[in-house]
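# Structural description and commentary
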Amino acid sequence: MNERDRIAADLHDHIIQRLFAAGLALQGAAARMGGHPVAPRVAAVIDDLDDTIAQIRSTIFAIQHAAAKGPQGLRARVLELVTESAGPLGCTPALRFSGPVDTLLADAGDVVDDLTAVLRESLSNVARHARAGRVEVDLIVESGDSDGPGRLTMQVCDDGVGLGASTRSSGTANLRHRAEHRGGTFTLGPNTPSGTCLKWSVPI
Amino acid sequence: MIRVFLLDDHEVVRRGLVDLLEADGDIEVVGESGSAQEAARRIPAFRPDVMILDARLPDGNGIDVCRDVRAIDSTIKGLILTSYEDDEALFAAIMAGAAGYVLKQIRGTDLVDAVHRVAEGQSLLDPAVTQRVLERIRHGVEQPRELAGLTDQERRILEFIAEGLTNREIAGRMFLAEKTVKNYVSSLLAKLGLERRTQAAVLATRLLGEHPHT
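Residues numbered from 1 in each chain as written. Chains lettered and ligands numbered in written order. Predicted model: local features only at pLDDT ≥ 70, side-chain atom pairs only at ≥ 80, totals over all residues.

A few words now on the overall build of chain A. Regarding its fold elements, chain A presents six helices and five strands. In chain A, the succession of helices and strands from N to C terminus is α-α-α-β-α-α-β-β-α-β-β. When the backbone C-alpha atoms are referred to their principal axes, chain A occupies close to 50 × 45 × 45 Å. Out of the 204 residues belonging to chain A, those deemed buried represent 34%. The long-range share in chain A, meaning contacts at least 24 apart out of those at least 6 apart in sequence, stands at 70%. (Helix = DSSP H or I, 4+ residues; strand = E, 2+ residues; numbered from the N terminus. Buried ≥ 20, exposed ≤ 12 C-beta atoms within 10 Å, placed from the backbone. Contact = placed C-beta atoms within 7 Å.)

What follows deals with the sheet that holds strand β2 (residues 27-33) of chain B. Residue and element names in this part refer to chain B. With parallel pairing, the five strands of this open sheet are ordered in space as β2-β1-β3-β6-β7. The open sheet terminates on both sides in strands that have one partner only, identified here as β2 and β7 (100-103). Ignoring which end each strand starts from, the neighbouring axes of this sheet average 25° apart. Relative to strand β6 (residues 77-82), strand β3 (residues 50-54) runs parallel, the two being bridged by five bridges. Bridge pairing in β6 links Met51 to Gly78. Of the strands in this sheet, β1 (2-7) and β2 touch helix α1 (residues 11-22), which is tilted by about 165° from β2. Strand contacts of helix α5 (residues 111-119): β1, β2, β3, β6 and β7, with the helix running at about 160° to β6, the strand carrying the most contacts. (Pairing = 2+ DSSP bridges. Axes fitted to C-alpha atoms, helices over the stretch in contact; angles between N-to-C directions.)

Right, let's get into the sheet that holds strand β5 (residues 196-203) of chain A. Residue and element names in this part refer to chain A. With mixed pairing, the five strands of this open sheet are ordered in space as β1-β2-β3-β5-β4. Of all the strands in the sheet, just β1 (94-98) and β4 (185-190) have a single pairing partner and so form its edges. Strand-to-strand, the axes of this sheet are offset by a mean angle of 10°, without reference to chain direction. Its contacts with the sheet put helix α5 (residues 109-130) on β2 (135-142), β3 (151-158) and β5, and the angle it makes with β3 is roughly 10°.

Attention now moves to the nonpolar core. Generally speaking, nonpolar side chains in soluble globular proteins are found buried as a group. By size, the foremost hydrophobic cluster in this structure holds 67 residues, and its most contacted members are Leu79(B), Ile80(B), Ala92(B) and Val115(B). For this core, the leading source of residues is helix α4 (residues 86-96) of chain B, giving eight residues. In this view, Ile80(B) contacts Leu53(B), Ala55(B), Gly62(B), Ala89(B), Ala92(B), Ala93(B), Ala96(B), Ala98(B) and Tyr101(B); residues no more than four positions away in its chain are not counted. With 36 residues, the next largest nonpolar core counts Val78(A), Leu105(A), Leu115(A) and Leu119(A) among its residues. (Core = buried A, V, L, I, M, F, W, Y, C linked by C-beta atoms within 7 Å.)

The next subject is the domain arrangement of chain A. All names here are of chain A. Here chain A is partitioned into domain 1 (1-69) and domain 2 (72-204). Between the C-alpha centres of domain 1 and domain 2 the distance comes to 24 Å. Every contact between the two is made by six residues of domain 1 and, on the other side, seven residues of domain 2. When the residues that make up the side of domain 1 that touches domain 2 are grouped by side-chain class, the tally is three nonpolar, three polar and no charged. (Domains from an automatic or database assignment. Nonpolar A, V, L, I, M, F, W, Y, C, P; charged D, E, K, R; others polar.)

Angle between the axes and distance between the axes: these two values describe a pair of packed helices. Between helix α1 (residues 3-33) of chain A and α1(B), the shortest axis-to-axis distance is 8 Å and the interhelical angle comes to 30°. When the axis of α1(A) is compared with that of α1(B), the two are roughly parallel. For the element pair α1(A) and α1(B), the recorded crossing hand is left-handed. On the side of α1(A), the interface is formed by Gln17(A), Arg18(A), Phe20(A), Ala21(A), Leu24(A), Ala25(A), Gln27(A) and Gly28(A), while α1(B) contributes Val12(B), Val13(B), Gly16(B), Leu17(B), Asp19(B) and Leu20(B). (Parallel < 35°, antiparallel > 145°, perpendicular 65-115°, else oblique. Left-handed = near helix turned anticlockwise from the far one by under 90°.)

This part takes up unusual backbone geometry. Going from Thr192(A) to Pro193(A), the amide bond is cis rather than trans, its omega being 0°. Within the chain, Arg47(B) stands out as a residue other than glycine whose phi angle is a positive 45°. With respect to the secondary-structure elements, Arg47(B) resides in the loop between α2 (36-46) and β3. Within the chain, Phe175(B) stands out as a residue other than glycine whose phi angle is a positive 55°. Assignment of secondary structure puts Phe175(B) in the loop between α9 (167-174) and α10 (178-192).

All right, on to the pairing of β2(B) then. Pairing between β1(B) and β2(B): six bridges, direction parallel. When the sheet's bridge partners are listed, Leu6(B) is paired in β2(B) with Glu32(B).

Moving on, we come to α5(A). All names here are of chain A. The terminal C-alpha atoms of α5 lie 31 Å apart, and with 22 residues this matches the ideal 32 Å at 1.5 Å per residue to within 8%. Restricting attention to buried positions, one finds in α5 the residues Val112, Asp114, Leu115, Val118, Leu119, Ser122, Leu123, Asn125, Val126, Ala127 and Ala130. Residue Arg131 follows α5 closely and has a positive phi angle near 50°. (Expected span 1.5 Å × (residues − 1).)

Residues and elements named next belong to chain B. For the pair α2 and helix α3 (residues 62-72), interaxial distance at closest approach is 9 Å and the crossing angle is 20°. Accordingly, the angle class assigned to the pair α2 and α3 is roughly parallel. Relative to α3, the crossing made by α2 is right-handed. Here α2 contributes Ala36, Ala39, Ala40, Ile43 and Pro44 to the contact with α3, which in turn contributes Gly62, Asp64, Val65, Asp68, Val69 and Ile72. Tallied by class, the residues present in the contact of α2 with α3 amount to eight nonpolar, one polar and two charged.

Structure follows, in structure tokens:
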């Protein structure tokens, strides 16, 4: 086992398990707290733990991906884009995946091209305009069922200066177009407590 | 009451899961273990409705345990509990003949709900997605290196696994002894790296998610 594998194994076999166990214990405690005034604080800590687990999973992927050769899935492409953006942004975005991203998008070549273009453009917008100290990228896929098709949603949120009077119209028109010609949606709005949240969502 | 068996090598995780599951009121944890070998031996005797299996254990893996138990008693439903990424968790669940997978996350994935649904006989695996995985195994345009190393016999077994057949059923289809199929499955898991690799990423991505444009 090389050093990378050992670090990944440690993160997976020990760190994540302990965080998960801590979260379960807190959730058990929260369930018994009822309307206690501290309950919302506990809930926030559980969310933080979950967030940390998701980021460690991305980190493990990154560690192991760096050693892997050969063709890449979408997860790997997104990871590369996000890693490259760290320089211009001045911070490494937090990256979270939800759902079987690679499986559901395995044969969706042109959606993937749109997605990577939108992500690149969004991160570059944040780098140029937002002056953000923290950026979060979320990629969520849901499989379809009898009620309708699946969905791919990407969110890029920052804690920067917000939309204000900045002129981002040409770039965002392109993003909107890439969503709408697929029957999807594009929204750009304020993040709480500050900054901007971009959401791009299309059926798959 | 839904009877559940837990397999996870972290005692703190098991304790948390017992609390979570039993708070439901309709779920009873009838047995637990931290060892794959021990669980494979003991689960059939407990006859739980659902077994919740950690995918990766120090002395084996939850995939083999799930297949071993279901070869003996296919009424016992399997749920793979894992901190893998979704793609790999999905693949592990298919390989295991499990009814679904649940990620080790507090929010989002509702283990209690998953146990209820699986106990009622539902599968949490989307048939369309499973089909997709199967298609890729059959007709992958560029064969990933892992698949290229498989013999025809192993590849056929992989397809049967993806169709959800138990080791016994596969043995019947291929006119092989069940023991022989079990050995094939173990060597498959080893070849695909599921046995030793940690979280990994790489495997399911390579097998299922290769992108022809890259």
